Amino acid sequence: MTEIIDGNAVASEIRDDLTDAIETLAEAGSRPGLATVLMGDDPASQTYVNMKQRDCEEVGIESHHVDVDGDADPEVLYDAIADLNDDPEIHGYIVQAPVPDHVDYREVIRRVDPAKDVDGFHPENVGRLVAGDARFRPCTPHGVQKLLESADIDLEGKDVTIVGRSDIVGKPLANLLIQKADDGNATVTVCHSRTEDLATKTRNADIVVAAAGAPELVDGSMIGDGAVVIDVGVNRVSADTEKGYELVGDVEFESAKAKASAITPVPGGVGPMTRAMLLYNTVKAAGLQEDVAVDLP
Ligand SMILES: Nc1nc(=O)c2c([nH]1)NC[C@@H]1CN(c3ccc(C(=O)N[C@@H](CCC(=O)O)C(=O)O)cc3)C=[N+]21
């Protein structure tokens, strides 16, 4: 029987565990504050922002939101960022990607105070992570680590193939999984669109992480018997549903499930974990900024 790893359940446990740390902060007179910044009106981003606001309410994090007109000059976004950097009630914030084409996301990230960079995207935080001294682990890679841990999947000495080399998932996840740590110690192969013979690389892996942003790229023929499959993809494909789209992973679920010992679904797999780890980083940021020792899950 293939185990379906329930990301909603694990994320809910993490939110529960975070309430203790939030209580500790409250006793010290502080309430963690998280802001989201959205430039433009990308519908997927709107959905994520709304979900994050609900998550915050559930655990007792103060949530803030800043909208910036999609046609505005980049300076308008930079001013909003400077305000958040200066606001003591904001312990962490994220600038939702993608930003409009006339805005350079790298420059945006450089302007975020690294102490409030709960995405973990700022070069200082990337450098710390690569050096094995992470302050904020990027939310999706951290969520993948927590999902594997929850399913009792030990990475020590295992072959992990990551499909996708993005700055937000593939690269940081590869760095985390090769680290000398209980949730690391793996041997990692990072594949991408120019990889020759992708199927051999995935088929030989004990754990396959699909994070390419390509709907159903990885199918059962590419999965070895008994492998663990983690699907990071959240692709909106148009479909005749109430919302007008369907959420599809980077994995062809049914054929991959037939081979795998454990697999994450989409929705209900990695997505909810990404949001839970954003709350985690926000609580961590608040602890550091308020100089309160908090116990994190
Ligand atoms: N600065 C920045 N940080 C991000 O972390 C970031 C971003 N920009 N831009 C977009 C991507 C995507 N992302 C998701 C988060 C949660 C779900 C999620 O919770 N998905 C649910 C359902 C989603 C639905 O119903 O639409 C699930 O998979 O079960 C999905 C995708 C964060 N991102």
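Residues numbered from 1 in each chain as written. Predicted model: local features only at pLDDT ≥ 70, side-chain atom pairs only at ≥ 80, totals over all residues.

Right, let's talk about the UniProt feature "domain: Tetrahydrofolate dehydrogenase/cyclohydrolase catalytic" (unreviewed entry) in the protein for a bit. The sites that carry the UniProt feature "domain: Tetrahydrofolate dehydrogenase/cyclohydrolase catalytic" (unreviewed entry) are, in the present numbering, residues 5-119. For the annotated span residues 5-119, helix accounts for 50% and strand for 16% of the residues, and the straight-line distance between the end C-alpha atoms is 24 Å. (UniProt positions renumbered as here; feature names shortened; annotations may be inferred. Helix = DSSP H or I, 4+ residues; strand = E, 2+ residues; numbered from the N terminus.)

Moving on, we get to the environment of Pro100. Positionally, Pro100 belongs in the loop between β4 (92-95) and α4 (105-111). Of the residues examined, Pro100 has 16 C-beta atoms within 10 Å and is grouped as partly exposed. C-alpha separation for the pair Pro100 and Ala72, spaced 28 residues apart in sequence, amounts to 9.5 Å. Discounting residues that sit within four places of it in the chain, Pro100 has contacts with Met39, Gly40 and Gly70. (Buried ≥ 20, exposed ≤ 12 C-beta atoms within 10 Å, placed from the backbone. Contact = placed C-beta atoms within 7 Å.)

The next thing to look at is helix α3 (residues 74-86). With 13 residues, α3 should cover 18 Å at 1.5 Å per step; its first-to-last C-alpha distance of 19 Å lies within 8% of that length. Those residues of α3 that sit buried are Leu77, Ala80, Ile81 and Leu84. Looking straight down α3, one finds its buried side chains confined to an arc of 100 degrees; they lie on one side. Facing away from the buried side of α3 by over 90 degrees, the exposed positions are Glu75, Ala82, Asp83 and Asp86. (Expected span 1.5 Å × (residues − 1). Arc of directions from axis to C-beta.)

With that settled, the discussion passes to the site of the ligand. Looking at the ligand, there are 18 residues lining it, with Ile94, Ala97, Pro267, Gly271 and Thr274 nearest. Contributing elements (two or more residues each) for the shell around the ligand: α2 (43-59), β4 and α10 (270-290). The leading source of residues in the shell around the ligand is α10, at four residues. Considered class by class, the residues forming the shell around the ligand number 11 nonpolar, five polar and two charged. (Near = placed C-beta within 6 Å. Nonpolar A, V, L, I, M, F, W, Y, C, P; charged D, E, K, R; others polar.)

Turning our eyes to something else, we now look at the pairing of strand β9 (residues 235-238). Looking at chain direction, β9 and strand β10 (residues 245-248) are connected through four bridges and run antiparallel. Following the sheet pairing, Val237 is matched in β10 by Glu246. (Pairing = 2+ DSSP bridges.)

Our focus in this paragraph is the packing of helix α1 (residues 7-27) against helix α6 (residues 139-150). The geometry of α1 relative to α6 is characterised by a closest axis approach of 10 Å and an angle of 100 degrees between their N-to-C directions. As the angle between them shows, α1 and α6 are arranged roughly perpendicular. Where α1 approaches α6, its residues Gly7, Val10 and Ile14 are matched on the opposing element by Lys146, Leu147 and Ser150. A class-by-class count of the residues in the contact of α1 with α6 yields three nonpolar, two polar and one charged. (Axes fitted to C-alpha atoms, helices over the stretch in contact; angles between N-to-C directions. Parallel < 35°, antiparallel > 145°, perpendicular 65-115°, else oblique.)

Another point: the nonpolar core. Core analysis: the biggest nonpolar cluster contains 80 residues, and Val160, Val163, Val208, Val209, Ala210, Val229 and Ile230 have the highest contact counts within it. Sort the elements by how many residues they give to this core and α10 lands first, with 10 residues. Each of domain 1 (28-114) and domain 2 (139-270) contributes no fewer than three residues to this core. The residues contacting Val160, other than those within four sequence positions of it, are Leu155, Leu177, Ala186, Thr187, Val188, Ala205, Asp206, Ile207 and Val209. (Core = buried A, V, L, I, M, F, W, Y, C linked by C-beta atoms within 7 Å. Domains from an automatic or database assignment.)

Here the protein is partitioned into domain 1 (28-114) and domain 2 (139-270). Each of domain 1 and domain 2 was reduced to a C-alpha centroid, and the two centroids are 28 Å apart.

For the protein, mean pLDDT is 97; residues scoring 70 or higher make up 100% of the total. This complex was scored by the predictor with a pTM of 0.98 and an ipTM of 0.98. (pLDDT = per-residue confidence, 0-100.)

Glancing now at α1. Taking 1.5 Å per residue, 21 residues should reach 30 Å; α1 reaches 31 Å between its end C-alpha atoms and fits that length. Those residues of α1 lying buried are Gly7, Val10, Ala11, Ile14, Arg15, Leu18, Ala21, Ile22 and Leu25. Of the surrounding secondary structure, the elements contacted by the buried residues of α1 are α2, α6 and α10.

Looking at where Thr189 falls in the secondary structure, it is placed in strand β6 (residues 187-191). You can call Thr189 partly exposed: it has 17 C-beta atoms within 10 Å.

A few words on the UniProt feature "domain: Tetrahydrofolate dehydrogenase/cyclohydrolase NAD(P)-binding" (unreviewed entry) in the protein. UniProt tags residues 138-287 as "domain: Tetrahydrofolate dehydrogenase/cyclohydrolase NAD(P)-binding" (unreviewed entry). Split by type, residues 138-287 is 33% helix and 19% strand. Its first and last C-alpha atoms lie 18 Å apart.

Once that is clear, we can look at the sheet that holds β6. Taking strand neighbours across the sheet as the criterion, the six strands line up as β1-β11-β8-β7-β5-β6 in an open arrangement whose pairing is parallel. Edge strands, defined here as strands with exactly one partner in the open sheet, are β1 (3-4) and β6. In this structure, strand β7 (residues 207-210) lies alongside strand β8 (residues 228-231), joined through four bridges in parallel fashion. The residue of β8 that forms the bridge with Val209 is Ile230.

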